[in-house]
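Below, each chain spelled out in residue letters.
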Amino acid sequence: MPRSMTGYGAASEAGSRIAVEVEVRTVNAKTRKVSLRTPAALTAHEPALESLVRDRVRRGSIQLSVRIDHVRPQDAVKVRTDVIEGLAAALEPLREKGLLASGLTADAIASIPGAVELGSREPLRAADWKIVKRVASSALDALSDMRQREAVHLVKDLRRILKSMQGAVSKVKRRVPKIVEEARQKLEDRVNALLEDHDTTLDDATLAREIAILADRSDVTEEITRLTAHIAEFDRYLKQDADIGRTLDFLSQEMLREINTIGSKSSDVETARAVVALKSDTERLKEQAANLE
């Protein structure tokens, strides 16, 4: 079963030190684009995260977001004692001269740039990274499940469209003998009228041969055969568990090519109606197939 390119997955887990939440969103795109939103502590692991995503998602625009909270509040704050001690040492001469009446207060320390960091920027420990990786995998599993459920509905709709197209093609196929005969008769009448206007004649064999050649150009049997084959191939790909989106887009374009040729060859009213319906269905195929990976 193919997969939709649109989906969402989320997972979370709390360890002894950190609590991790991961969200993954995917939308349609012609290629694969991975975007990561992670805290500074995960910077060193971003290539591994991206590789994890690429192993699971073959096509689409993917955004993976990671949030890490510390289980113990004190782990979420880092006080840079070296910064504070350096500042205290620099202010000591001023204090000795009586220019500073008191020492550093908590409020004063909090206002010193770089003295207090909210959220540690230290790289994750090995055990913490295992949690992040496990949660990311679970979120990707949830994403895959949703994309498969979405694909079930897409495939049903695509098959309904293909069935409608098969019905329209059958109508055109039944009209082919009449189309050719009507074209032959119109051409014969037109040629005879032209010959009468110019007071000239052609022998019957030559006239019959030329009319047959011109009438043959109105025969859309080959186009119907190719269009039928494209429809069958489209349906066959819907059963595959593979990256089929690009292939379905190509088949849709080839269908439209054959449909346009049928329309240009025939002036039959019923065929023209069928061609309009086929064009409409093909555009719907393209739109829906664009949602598949």
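Residues numbered from 1 in each chain as written. Predicted model: local features only at pLDDT ≥ 70, side-chain atom pairs only at ≥ 80, totals over all residues. Heavy atoms only, no water.

Now for the pattern of salt bridges. A complete count under the given rule lists 21 salt bridges for this structure. Notably, a salt bridge pairs Asp235 with Arg159, separated by 3.1 Å at the nearest N-O pair. In this pair, Asp235 is assigned in helix H6 (residues 221-237) and Arg159 in helix H4 (residues 126-197), connecting sequence segments 76 residues apart. (Salt bridge = Lys/Arg side-chain N within 4 Å of Asp/Glu carboxyl O. Helix = DSSP H or I, 4+ residues; strand = E, 2+ residues; numbered from the N terminus.)

As a further point, take H6. One turn of the α-helix equals 3.6 residues, which is why residues spaced by three or four share an orientation. An ideal rise of 1.5 Å per residue puts 24 Å on 17 residues; H6 measures up with 25 Å between its terminal C-alpha atoms. Among all positions of H6, only Glu223, Ile224, Leu227, His230, Ile231, Phe234 and Tyr237 are buried. Down the axis of H6, the buried set is contained in an arc of 155°. They therefore lie on one face. In H6, those exposed residues whose orientation departs by more than 90 degrees from the buried face are Glu222 and Thr225. (Expected span 1.5 Å × (residues − 1). Buried < 20%, exposed > 50% of the residue type's maximum accessible area, 1.4 Å probe, protein only. Arc of directions from axis to C-beta.)

Let us now look at the environment of Ala151. Topologically, Ala151 is positioned in helix H4. Taking C-alpha positions, Ala151 is 7.1 Å from Leu292, a pair spaced 141 residues apart along the chain. The contacts of Ala151, once residues within four sequence positions are left out, are Pro2, Arg3, Ser4 and Leu292. (Contact = heavy atoms within 4.5 Å.)

The next subject is the environment of Glu233. Looking at the element boundaries, Glu233 is found in helix H6. Sequence-wise, Glu233 and Thr247 are 14 residues apart; in three dimensions their C-alpha atoms are separated by 10.0 Å.

Taken by themselves, the reported measurements are silent on function.
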